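Structural description and commentary
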Amino acid sequence: MQTNESLHRGLQERHIRLMALGSAIGVGLFLGSANAIRLAGPAILLSYVLGGLAIFIIMRALGEMAVQNPVAGSFSRYAQDYLGPLPGYLTGWNYWFMWIMTCIAEITAVGVYMGVWFPDVPQWIWALAALVTMGAVNLAAVKAYGEFEFWFAMIKVVTIVLMIIGGGAMIVFGLGNHGTPTGISNLWAHGGFMPNGVKGMLMALQMVMFAYLGVEMIGLTAGEADNPKKSIPDAINSVFWRILIFYVGALFVILSIYPWNELGTHGSPFVMTFERLGIKSAAGIINFVVLTAALSSCNGGIYSTGRMLFNLAQQGQAPRAFAVTSRSGIPYWAILVSLAALLLGVLLNYLVPAQVFVWVTSAATFGAIWTWAIVLITQMKYRRSLSAAQCEQLVFRMPFFPYASYLALAFLVLVIGLMAYFPDTRVALIVGPLWLVSLTVLYYVFGLGRKAIV
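Please read all numbers here as calculations on a predicted model, not as lab measurements.

**Brief notes about unusual backbone geometry**
For the bond from F401 to P402, the omega torsion is 0°, close enough to zero to count as cis. Positive phi outside glycine occurs at F400, with the angle close to 55°. The residue F400 is located in the loop between α17 (388–392) and α18 (403–421) in this model.

Have a look at this one:
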């Protein structure tokens, strides 16, 4: 092991493209979409479009800074530089905590999915196996991580594309429906396109935004991309269109084939669609796909936590050892500490009742919204620090500045209000602020951030 403090640029454009896509396609689309559909009906399509527009604005704001200054830590480093040490510190540790919470849920989900095939094997064994495997991948060269994420994302993409093509053939040609086209009348035939009104569509937004959690990880790849000025803009610009195709397209097909008020009563909509197309082993196929989706999220989460601790150490806001990298440019101490925290999570999920997942996912959602808001605020401060001539020289300029940023911030405030409205997610507005207050106390007690490495 070397004791250098630099990452290697081993992520190619194809890695970053698929990582961007994979991070936006999670378990929520395959298994959790039915809950959002019950709230909004077919109008869930509009919820995903609205959420997608907000995410696109956020990613363009992040991209403007990441292309000009491609560093590890991304939004945490930018918050440090343009908002001050405390916001940078809070954003970095909050993002680390968000991914720890998400990974705890994902590795436990792996145990649940494997239990479908191996019901006699204790769930914690599969969770531990997933953690060890993904930890080993992240401790190898960054290119190995990129390859795993590339193929994990590819599996999800191929599954959704096949479902859209097969479902489209059912809608137009009657494939799997005895030759009778189903058409798209189910989109309005059961209480209208917006059966629960605007309120129902808004109520689904919190679930929609949780599905988008992780897309900002593109920014963290900037420090290890071999050509960030090309790969980062390409990945970010395609985020919105990917969301339209893979979220809105898939749900459009499902909602056209089945009445919205029947979805969720007979299992996953994806399983139902594949079975109707004549694929008898659909349940097993989808179980495999959601298994790879969970592993993909865990893989990306370990990557994100390691790079964020690396950045915090460079800023003097975490132990200096976290900034040490191996010969292949891996911040191994930062990754090992994150893995240790996840081992505690496996133990807690083994000992504590299942309701712990509500806390875990709620805390993760709060962490994501904080991160997205900081990205927008930081970009506005960054832009105002530039002269007119410097603004003209920006390679990847934020569109419709500053109005788009204000609209996206207002949208995030709306989502926070919706989280406060529901008892199940209200806990996030208790756990999240308490975590930030605890971090602030530690910041002032230990004087963190006053002695940066770089």
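Having seen it, we continue.
**Quick look at the packing of helix α12 (residues 239–257) against helix α13 (residues 269–276)**
Running from N to C, α12 and α13 point in directions that differ by 65°, and their axes come no closer than 11 Å. Regarding the angle of α12 to α13, the classification is roughly perpendicular. Crossing of α12 against α13: the hand is left-handed. Contacts between α12 and α13 pair A250, I254 and I257 from the former with P269, F270, T273 and R276 from the latter. For the contact of α12 with α13, the class distribution of residues is five nonpolar, one polar and one charged.

**Remarks on the pattern of salt bridges**
Counted by the stated rule, this structure contains two salt bridges. Note that R383 is salt-bridged to E64, the shortest N-O span being 2.6 Å. Taken together, the positions of R383 in helix α16 (residues 356–384) and E64 in helix α3 (residues 44–68) put the pair 319 residues apart, joining distant regions of the chain. Each member of the pair R383 and E64 is classed as buried.

**Comments concerning the nonpolar core**
I44, I55, Y212 and W372 are the most contacted members of the largest nonpolar core, which totals 136 residues. Take this core: its biggest share by element is 19 residues, from helix α5 (residues 85–117). The residues touching Y212, leaving out its near neighbours within four places in the chain, are Y48, G51, G52, I55, I243, Y247 and W372.

**Quick look at the packing of helix α4 (residues 75–82) against α5**
Each packed pair of helices is defined by two parameters, the angle between the axes and the distance between the axes. As a packed pair, α4 and α5 sit with axes 6 Å apart at the nearest point and diverge in direction by 165°. One element, α4, and the other, α5, form an angle in the roughly antiparallel class. At the point where α4 passes α5, the crossing takes the right-handed sense. Contacts between α4 and α5 involve F75, S76, A79 and Q80 from the former and P85, P87, G88, T91, G92 and Y95 from the latter. Here the residues of the contact of α4 with α5 are counted per class, giving five nonpolar, five polar and no charged.

**Concerning the environment of F322**
Mapped onto the elements of the fold, F322 is located in the loop between α14 (282–314) and α15 (332–351). With eleven residues separating them in the primary sequence, F322 and N311 have C-alpha atoms 8.4 Å apart. With residues near it in sequence (within four places) discarded, F322 still touches L309, F310, A313, P331, W333, A334 and V337.

**Observations regarding the environment of L312**
Structurally, L312 is set in helix α14. Measuring from C-alpha to C-alpha, the distance between L312 and R77 comes to 8.1 Å, with 235 residues separating the pair along the chain. If near-sequence neighbours (up to four positions away) are discounted, L312 is found in contact with S76, G88, Y89, G92, W93, Q317 and A318.

**Description of the confidence of the model for the protein**
Overall, the prediction assigns the protein a mean pLDDT of 81, with 86% of residues at 70 or greater. Of all the helices and strands in the protein, helix α1 (residues 13–23) carries the lowest mean pLDDT, 62, while α18 carries the highest, 92.

**A look at the packing of aromatic side chains**
Following the criterion strictly, the structure yields 13 aromatic pairs and no others. The interplanar angle of 70° and the centroid separation of 5.1 Å between the aromatic rings of Y82 and Y382 together place this pair among those described as edge-to-face. Of this pair, Y82 sits in helix α4 while Y382 sits in helix α16, and the two are 300 residues apart along the sequence. Take Y382: its relative accessible area is 7%, and that puts it in the buried class. Among the aromatic residues, ring-to-ring pairing joins Y48, Y212 and Y247 into one connected group. Stacked on the ring of F396, the Lys or Arg R60 has its end atom at 4.1 Å from the ring centre. Across the ring face of F401, the terminal group of R383 is positioned such that the distance to the ring centre comes to 4.6 Å.

How each quantity is defined
- Residue numbers restart at each chain and count upward from 1, following the sequence in its written direction.
- Owing to the predicted nature of the model, reporting of local features is limited to residues with pLDDT of at least 70; listing and counting of side-chain atom pairs is limited to 80 or more, with chain, interface and lining totals taken over all residues.
- In computing side-chain properties, one takes all heavy atoms of the structure into account and sets aside hydrogens as well as water.
- Elements are defined by DSSP. Helices are runs of H or I of four residues or more, strands are runs of E of two residues or more, and each kind is numbered from the N terminus.
- Under this scheme, a helix contributes an axis fitted over its contacting stretch, all axes are lines through C-alpha atoms, and angles between N-to-C directions fall in the 0 to 180 degree range.
- Small angles under 35 degrees read as roughly parallel and large ones over 145 as roughly antiparallel, with 65 to 115 read as roughly perpendicular and the rest as oblique.
- Less than a right angle of anticlockwise turn of the near helix away from the far helix marks a crossing as left-handed, whereas a clockwise turn marks it as right-handed.
- Should any heavy atoms of two residues lie within 4.5 Å, those residues are counted as being in contact.
- Each residue gets one label: Ala, Val, Leu, Ile, Met, Phe, Trp, Tyr, Cys and Pro are nonpolar, Asp, Glu, Lys and Arg are charged, and the others, such as Gly, are polar.
- By salt bridge we mean one thing: a side-chain nitrogen of Lys or Arg within 4 Å of a carboxyl oxygen of Asp or Glu.
- For the exposure calls, accessible area comes from a 1.4 Å probe over protein chains only, and a residue counts as buried if that area is under 20% of its type's maximum, exposed if over 50%, partly exposed in between.
- Residue types Ala, Val, Leu, Ile, Met, Phe, Trp, Tyr and Cys, when buried and joined through side-chain atoms within 4.5 Å, form a set referred to as a nonpolar core.
- Residue-level confidence of the predictor is what pLDDT reports, using numbers from 0 through 100.
- Centre distance within 6.5 Å is the pairing criterion for rings of Phe, Tyr and Trp, where only the six-membered ring of Trp is used; planes under 30 degrees apart are then read as stacked, over 60 as edge-to-face, and the remainder as tilted.
- Whether a charge sits over a ring comes down to the Lys NZ or Arg CZ being within 6 Å of the ring centre and within 35 degrees of the ring normal.

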